[in-house]
Amino acid sequence: MIVLKAVSFSYGKEMILKDIDLRINEGEFVGIIGPNGSGKTTLLKLMNGLLIPNAGEVEVDGMKTNIQEQNWEIKKIAGYVFQNPENQIVGITVEEDLVFGMENVGLPVDEMKRRIKEVLQFVGLEGFEKRSVNSLSGGQKQRLAVASILAIGPKYFLFDEPTSMLDPNSRKDFLQVLKKLRESGKTIVMISHDLEELIECNRLLFIYDGRVLLDDKPVKALKDILENGEMIKYVDIPDSIRFQILLEKYGLIDKKDYLLKKIELIKVVKDLVNTF
Amino acid sequence: MSILFKNVFFNYKFAKQDIKALENINLEFKKSTISVILGETGSGKSTLLQLASALLLPSSGSVIVEGIDSSLSETSRYEIRKKVGIVFQYPESQFFLDTVFDEITFAPKNYGIKENLKDIVLKIIKELGIDEKLLKESPFNLSGGEKRKVAIASVLSFSPDYIAMDEPFVGLDKTGKNRLVDLILKLKDQGKGCIIVTHYLELLKDIADEVFVLKNGKLISKFEGKIFFELLMNLKRLKFEMPTFWEILEVFMSSDNKLENYIPPEELVELLIDFKKRGA
Ligand SMILES: Nc1ncnc2c1ncn2[C@@H]1O[C@H](COP(=O)(O)OP(=O)(O)OP(=O)(O)O)[C@@H](O)[C@H]1O
Ligand SMILES: Nc1ncnc2c1ncn2[C@@H]1O[C@H](COP(=O)(O)OP(=O)(O)OP(=O)(O)O)[C@@H](O)[C@H]1O
Ligand SMILES: [Mg+2]
Ligand SMILES: [Mg+2]
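Residues numbered from 1 in each chain as written. Chains lettered and ligands numbered in written order. Predicted model: local features only at pLDDT ≥ 70, side-chain atom pairs only at ≥ 80, totals over all residues. Heavy atoms only, no water.

Novice: Give me the lowdown on the sheet that holds strand β5 (residues 63-64) of chain A, citing residues and values where you can.
Specialist: All names here are of chain A. In space, the four strands of this open sheet follow the order β2-β1-β4-β5, with antiparallel pairing throughout. Since the sheet does not close on itself, it has two edges, and those belong to β2 (15-24) and β5, each with one partner. With two bridges joining them, strand β4 (residues 55-60) and β5 adopt antiparallel strand pairing. By the bridge assignment, Glu59 is partnered in β5 with Lys64. Contacting β1 (2-10), β2 and β4, helix α1 (residues 40-47) crosses the sheet at an angle of about 55 degrees to β2. (Pairing = 2+ DSSP bridges. Helix = DSSP H or I, 4+ residues; strand = E, 2+ residues; numbered from the N terminus. Contact = heavy atoms within 4.5 Å. Axes fitted to C-alpha atoms, helices over the stretch in contact; angles between N-to-C directions.)

Novice: With reference to specific residues and values, describe the coordination of the magnesium ion (ligand 4).
Specialist: The magnesium ion (ligand 4) binds to the protein through Ser46 of chain B (OG) and Gln89 of chain B (OE1); the donor distances cover 2.0 to 2.2 Å. Residue Ser46 of chain B is located in helix α1 (residues 45-52), and its partner Gln89 of chain B is located in the loop between β6 (84-87) and α3 (100-110); the two are separated by 43 residues in the primary sequence. (Donors = N, O, S within 2.8 Å, 3.2 Å for Na, K, Ca; no water.)

Novice: Residues and numbers for the interface of chain B and chain A, please.
Specialist: Tallying the contact residues gives 52 residues for chain B and 57 residues for chain A. With both sides pooled, the region where chain B packs onto chain A buries about 4500 Å², and carbon together with sulfur makes up 60% of that total. Among the residues chain B hides against chain A, the three largest losses belong to Tyr90, Lys174 and Glu241 of chain B. Together they make up 16% of the total. Where chain B packs against chain A, one counts seven salt bridges. The shortest N-O distance in the salt bridge between Lys177 of chain B and Asp236 of chain A comes to 4.0 Å. Counting across the interface, chain B meets chain A through 23 residue pairs in polar contact (both at pLDDT 80 or more). (Buried area = accessible area lost by both parts, 1.4 Å probe. Salt bridge = Lys/Arg side-chain N within 4 Å of Asp/Glu carboxyl O. Polar contact = N/O pair within 3.5 Å; in protein donor to acceptor, adjacent residues only side chain to side chain.)

Novice: Report on the pairing of strand β9 (residues 210-215) of chain B, specifying residues and quantitative values.
Specialist: Residues and elements named next belong to chain B. Of all six residues that make up β9, five are buried, and the element is covered over most of its length. Taken together, the five bridges between strand β3 (residues 33-39) and β9 define a ladder with parallel strand orientation. Across the sheet, residue Gly39 finds its bridge partner in β9, namely Leu214. Where β9 folds back on strand β10 (residues 218-224), the antiparallel hairpin that results is connected by two residues, among which Asn216 adopts a positive phi of roughly 45 degrees. (Buried < 20%, exposed > 50% of the residue type's maximum accessible area, 1.4 Å probe, protein only.)

Novice: Describe in detail the site of ligand 1, supporting the description with residues and values.
Specialist: Looking at ligand 1, there are 18 residues lining it, with Lys40 and Thr42 of chain A together with Ser143, Gly145 and Glu146 of chain B nearest. Residues close to ligand 1 are split across chains A and B. One of the side-chain nitrogen or oxygen atoms of Asn36 of chain A is found 3.0 Å away from an oxygen atom of ligand 1. At 2.7 Å, a backbone N or O of Gly145 of chain B approaches an oxygen atom of ligand 1. Against a free-state accessible area of 640 Å², the protein chains account for coverage of 85% of ligand 1. (Near = heavy atom within 4 Å. Areas by Shrake-Rupley, 256 points an atom, 1.4 Å probe, with all protein chains shown as cover.)

Novice: Explain the side chain of Arg203 of chain A to me, using residue names and the numbers behind them.
Specialist: Residues and elements named next belong to chain A. Positionally, Arg203 belongs in strand β9 (residues 203-208). One polar contact links Arg203 to Asp215, side chain to side chain, over a distance of 2.9 Å. For Arg203, the residues in contact, after removing those within four places along its chain, are Leu22, Arg23, Ile24, Asn25, Glu28, Phe29, Val30, Gly31, Asp215 and Asp216.

Novice: Explain the coordination of the magnesium ion (ligand 3) to me, and be specific about the residues and the numbers.
Specialist: Listed as protein donors to the magnesium ion (ligand 3) are Thr41 of chain A (OG1) and Gln83 of chain A (OE1); their distances from the metal cover 2.0 to 2.3 Å. With Thr41 of chain A in helix α1 and Gln83 of chain A in the loop between β6 (78-81) and α3 (94-104), this pair connects stretches of sequence that are 42 residues apart.

Novice: If you had to explain the domain arrangement of chain A to someone new, which residues and values would you point to?
Specialist: For interface size, the figure often reported is the accessible area lost on association. Residue and element names in this part refer to chain A. When cut into domains, chain A gives domain 1 (2-237) and domain 2 (238-276). Here the C-alpha centroids of domain 1 and domain 2 sit 30 Å apart. Listed per partner, the contact involves 12 residues of domain 1 and 13 residues of domain 2. By the criterion of area lost to domain 2, the three top residues of domain 1 are Ile199, Val219 and Ile237, representing 47% of everything that side buries. As a salt-bridge pair, Asp257 and Lys217 come within 3.4 Å of each other at their nearest N and O atoms. In this structure, the connection of domain 1 to domain 2 is made through two residue pairs in polar contact (both at pLDDT 80 or more). When its residues are assigned to classes, the side of domain 1 that touches domain 2 shows seven nonpolar, no polar and five charged. (Domains from an automatic or database assignment. Nonpolar A, V, L, I, M, F, W, Y, C, P; charged D, E, K, R; others polar.)

Novice: Help me get a handle on the packing of α3 of chain B against helix α5 (residues 144-156) of chain B, residues and values and all.
Specialist: Residues and elements named next belong to chain B. Between α3 and α5, the shortest axis-to-axis distance is 6 Å and the interhelical angle comes to 30 degrees. Here α3 is positioned roughly parallel relative to α5, judged by the angle of their axes. Residues Val100, Glu103, Ile104 and Ala107 of α3 touch α5, and the partners they reach there are Val150, Ala153 and Ser154. (Parallel < 35°, antiparallel > 145°, perpendicular 65-115°, else oblique.)

Novice: Describe the site of ligand 2, and please don't skip the residues or the numbers.
Specialist: Neighbouring residues of ligand 2: 21 residues in total, closest Arg131, Ser137 and Gly139 of chain A together with Lys45 and Thr47 of chain B. Nearby residues place ligand 2 at the junction of chains A and B. Gln140 of chain A places a polar side-chain atom, nitrogen or oxygen, 2.8 Å from an oxygen atom of ligand 2. Against a free-state accessible area of 640 Å², the protein chains account for coverage of 91% of ligand 2. Residue classes in the shell around ligand 2 are distributed as four nonpolar, 14 polar and three charged.

Novice: Kindly report on empty space enclosed by the protein, identifying the contributing residues and their values.
Specialist: A full pass over the atoms with the stated rule returns one cavity of 30 Å³ or more. In this model, the largest cavity occupies a volume close to 80 Å³. Taken together, Ile33, Gly34, Ser192, His193, Leu195, Tyr234, Val235 and Asp236 of chain A together with Leu172, Asp173, Lys174 and Lys177 of chain B make up the lining of the largest cavity. When grouped by side-chain class, the residues that make up the lining of the largest cavity number five nonpolar, three polar and four charged. (1 Å grid on protein atoms, 1.4 Å probe; cavity = no way out; pocket = protein on both sides within 12 Å on 5 of 7 lines; lining within 4 Å. Points joined across faces, edges and corners; volume = space filled by probe spheres on them.)

Novice: Go over the domain arrangement of chain B with me, naming the residues and quoting the values.
Specialist: Residues and elements named next belong to chain B. Examined at the domain level, chain B breaks down into domain 1 (2-241) and domain 2 (243-280). Relative placement of domain 1 and domain 2: their C-alpha centres are 35 Å apart. Contacts between the two partners involve 11 residues from domain 1 and, on the opposite side, nine residues from domain 2. Taken together, domain 1 and domain 2 are joined by one salt bridge. Across the pair Lys236 and Glu250 runs a salt bridge whose closest N-O atoms are separated by 3.0 Å. Between the two partners, domain 1 and domain 2, sit one residue pair in polar contact (both at pLDDT 80 or more). When residues in the side of domain 1 that touches domain 2 are grouped by element, the largest group, seven residues, is from helix α8 (residues 228-237). Looking at side-chain class alone, the side of domain 1 that touches domain 2 contains seven nonpolar, no polar and four charged residues.

Structure below.
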């Protein structure tokens, strides 16, 4: 469990996060949305001790990020994937970059070898082991950043816009990766400006000016946002989601307390057309 | 006048590795046009933009900008860089100065632009929605979306004839995206050529005059972007994972209702309600 207790944070001048109380339970998938500069990245970096609060405390499985030895242990079980992969990649080659993270958690060599093969396949970079990291394209770097955290296999995954540089087909593949992680009981916290990626999350948080304004099931949160003149300015609600909400509103389909996946929604529409 | 690629090949030489990035590219980017480049990861999009702005030179073939061949001389490349501005895929790779203000004003100073720098900056940050108080911050100490906007501002500030943007919408919130769409449309009206690499297919219907598709370093398709149904069919043919709502619209387009243009969910729901009434 990740617990934030009355957390405030500043980079030096004004307060960026203001008195946040938040709890992420084991096995949950939590989505984070909100305007540019509202504090999403800052919040995620506080969750694995990359940043330490100015006031309040962050606890991960009972350990505190502000105690140095515990901070090390926390980093092993909570992996943060950077918004800009270039800030995360440390190796000279793809393989070295993956090894770096795994050595930190003390994995045996055989296991490292096995994982390198596995994660590169997972993210569609098979055969890139010996490639220099500087020779990767933008999207390839992002895949490597994801792969190096997958290789460590932490309990908590903190993803900061992990698909932003991926093409639509690769983005779909990433959703499969998320699904596998969830099936194996991992906890996921993910920031995204693309709500279609967060359809299946358990809770959606809306961050605004350093505070958590909404924390609810995605359907409920999105309906609130749609009805709020200020919040809706910053959240791109995809046509498909607005469409489902409208179909329900006008009684064309039954009201649901979850968002339909792509294939489900398309099927619903086809069925609807057939009944006319 | 235009940016012309003639039989362009490009290989990266990296240590002992020779990586083929572009193969026999022939195309033209014109002024007053929004050209969008699509393609999967590693297909050569960023390489193409860097060739268009003379940051890279073709391994063979030529890139000719407004009649100037980038392979000719250092002077020709300087001239091209003044005409073609490029916004990098990762904004931080573009930054090198201490403050956001210096970053945005570097290029106009460098290229000897006479206008008042402060005026230029204030106008651009307003259009992009950059908070004025960020001007004295380090560009490295901003949020992801703020960095992206500053990177765009630092190129628009010297008003090049062509603006090549590599994933400019990534990381922007809804307001930021909308502002950028408006700005791109305005640049086109002012006669600029906009070359945009993006993965956001939803935005194509709003901006794309023409679409170029790369795959494994080759240009595999080029089509017009203005007619929605054609756009949709072309993307489908190329096996792109489509926006969900577009696939829903397609259900109506391919049935006998002859929907040709994009309509928003609100209108589609009205249409359905209408169907239901007539059916009953
Ligand atoms: N290293 C830093 N030093 C100083 N201020 C910073 C630093 N990083 C971020 N900030 C400021 O803190 C605020 C919150 O930034 P943060 O990166 O958490 O936003 P965000 O919600 O992730 O935004 P985005 O959607 O643009 O990525 C912003 O106003 C930003 O300018
Ligand atoms: N600096 C470099 N040195 C060597 N090879 C490179 C370099 N930059 C890119 N490449 C390789 O060239 C090919 C094309 O890369 P490019 O960056 O143009 O792709 P892209 O279409 O922009 O991809 P993405 O959508 O991931 O950004 C890829 O195979 C990539 O690995
Ligand atoms: Mg961020
Ligand atoms: Mg690229």
